[in-house]
Amino acid sequence: MAKVEISEIESAKERISGYVLNTPLLNSIALSAKLGLEVFLKTEFLQETGSFKIRGATNAMLSLNKSQRIRGVITASSGNHGPALAHAASKLGIKATICLSSMVPDNKVKNVRINGGIVKIAGNDYDSALAFCEGLVKVQNQYLVHPFDDSSVVAGAGTIGLEIIEETRGDLDCVLVPLSGGGLLAGVAIAVKAYAPQIRIIGVSMENGASMFNSIKAGRPVNVTEVETVADALGGNIGLNNKWTFETVRDLVDEVVVVSENDIKEAIRLIFKHHGFVSEGAGAVGIAALTGGAVKCKGKVACVLSGRNISEKNFLDIVNNSGVN
Ligand SMILES: *Cc1c(COP(=O)(O)O)cnc(C)c1O
């Protein structure tokens, strides 16, 4: 197993600047008043393709050698890595094949195609889509850009941590980070702890099917069954042979918590009500952890709003059902 170095995150920042946004870190007056904290929102949903995944994908594409570029890239995705990789690849004229499971919502399948990716639907969960992808790699000899268990993807995501530190000069108490495979959390933790080790880093997953949460509790990577959740982008396992994220999360992250489906929906409503921002379930878990009480934070808290790719129907159902679920 291995850990990404802070220097790799610093280099990623240089490499991807000009390709991705340095997103605003907004002080949320309304959520601050409601929670009795100073809440800051890292607005990653503003990135092209609607999630932070463009950072890791772009860093990976810019790190390929010439022959890898010519052969093209391939991946499996629970929804947001696919469009991001397709987009980052097509900008550089690289062919991208994206394997998706039948659990991936339609809006996300379309999002891959719009961004120039070739879609392959395989299996009923993320793990089967990944297994299919690994089979295809052997035949097509393309470079596999793993959605989180890849050093350049972790380094790309870590640039969010650097931006948060630069913006706040390290004057923060907590950073809340959505957690699935842990590429985002590992990257942010490495960057933040390198400059401000006193800041608490907290990973947040949904109750249903939280692979990293259960792996941390078990002390080793374990598999869980992928189930339906409003935080669909957080589905999938961390991998029994996890290389880049499990140990980093175990060693650097202060706490990993889970939130209920209802708390996630309530957070989606609150983010929309107070800011007019559309957040997908995965992007709203940090706010859900604060409002639902899954974590106790004091002082200055930054939440990474990681994505906005929710279907209109699901979004409207959630905002219209205030107080019902
Ligand atoms: C992928 C994703 C995450 C989780 O990232 P990991 O690196 O897999 O932990 C969180 N939010 C959104 C919107 C995502 O697309």
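Our structure is the block above this text.
This section reports on the structure supplied with the text. The structure presented is a predicted model; accordingly, all values stated were derived computationally and were not measured. (Residues numbered from 1 in each chain as written. Predicted model: local features only at pLDDT ≥ 70, side-chain atom pairs only at ≥ 80, totals over all residues. Heavy atoms only, no water.)

Across the eleven residues of helix 5 (residues 81–91), nine count as buried, placing the element largely inside the fold. Taken residue by residue, helix 5 has H81, G82, P83, A84, L85, A86, H87, A88 and A89 as its buried positions. Each element contacted by the buried residues of helix 5 is listed here: helix 3 (53–62), strand 3 (73–77), strand 4 (96–100) and helix 6 (106–114). After helix 5 finishes, the residue G93 shows a positive phi value of roughly 70°. (Buried < 20%, exposed > 50% of the residue type's maximum accessible area, 1.4 Å probe, protein only. Helix = DSSP H or I, 4+ residues; strand = E, 2+ residues; numbered from the N terminus. Contact = heavy atoms within 4.5 Å.)

Lining the immediate surroundings of the ligand are 17 residues, of which K53, N80, S180, G182 and S306 lie closest. Take K53: an N or O atom from its side chain is 2.7 Å from an oxygen atom of the ligand. Take G181: an N or O atom from its main chain is 3.0 Å from an oxygen atom of the ligand. Surface burial for the ligand is 98%, taken as the share of its 380 Å² of free accessible area covered by protein chains. (Near = heavy atom within 4 Å. Polar contact = N/O pair within 3.5 Å; in protein donor to acceptor, adjacent residues only side chain to side chain. Areas by Shrake-Rupley, 256 points an atom, 1.4 Å probe, with all protein chains shown as cover.)

Interaxial distance between helix 12 (residues 261–275) and helix 13 (residues 281–292) falls to 7 Å at its minimum, and their mutual angle equals 100°. In terms of orientation, helix 12 and helix 13 fall into the roughly perpendicular class. Taking contact as the criterion, the partners of D263, I264, A267, I268, L270 and I271 in helix 12 are, on helix 13, G281, A284, V285, I287, A288, T291 and G292. Residue composition of the contact of helix 12 with helix 13, grouped by class: nine nonpolar, three polar and one charged. (Axes fitted to C-alpha atoms, helices over the stretch in contact; angles between N-to-C directions. Parallel < 35°, antiparallel > 145°, perpendicular 65-115°, else oblique. Nonpolar A, V, L, I, M, F, W, Y, C, P; charged D, E, K, R; others polar.)

With that out of the way, let us pick up empty space enclosed by the protein. The tally for this structure, following the rule as stated, stands at four cavities of 30 Å³ or more. When its volume is computed, the largest cavity comes out at roughly 300 Å³. Together, 28 residues line the largest cavity, and F52, K53, S180, G181 and A233 are the ones closest to its centre. Elements that contribute at least two residues to the lining of the largest cavity include exactly helix 3, helix 8 (151–168) and helix 9 (183–195). In terms of residue class, the lining of the largest cavity is built from twelve nonpolar, 14 polar and two charged. In this structure, the second largest cavity encloses a volume near 60 Å³. If you trace the second largest cavity, you find it lined by Y19, E48, I54, T58, M61, L62, H87, A88, K91 and L92. Looking at the lining of the second largest cavity, the elements that each hand over two or more residues are helix 3 and helix 5. If you tally residues by element for the lining of the second largest cavity, the top one is helix 3, at four residues. Partitioned by chemical class, the residues of the lining of the second largest cavity number six nonpolar, two polar and two charged. (1 Å grid on protein atoms, 1.4 Å probe; cavity = no way out; pocket = protein on both sides within 12 Å on 5 of 7 lines; lining within 4 Å. Points joined across faces, edges and corners; volume = space filled by probe spheres on them.)

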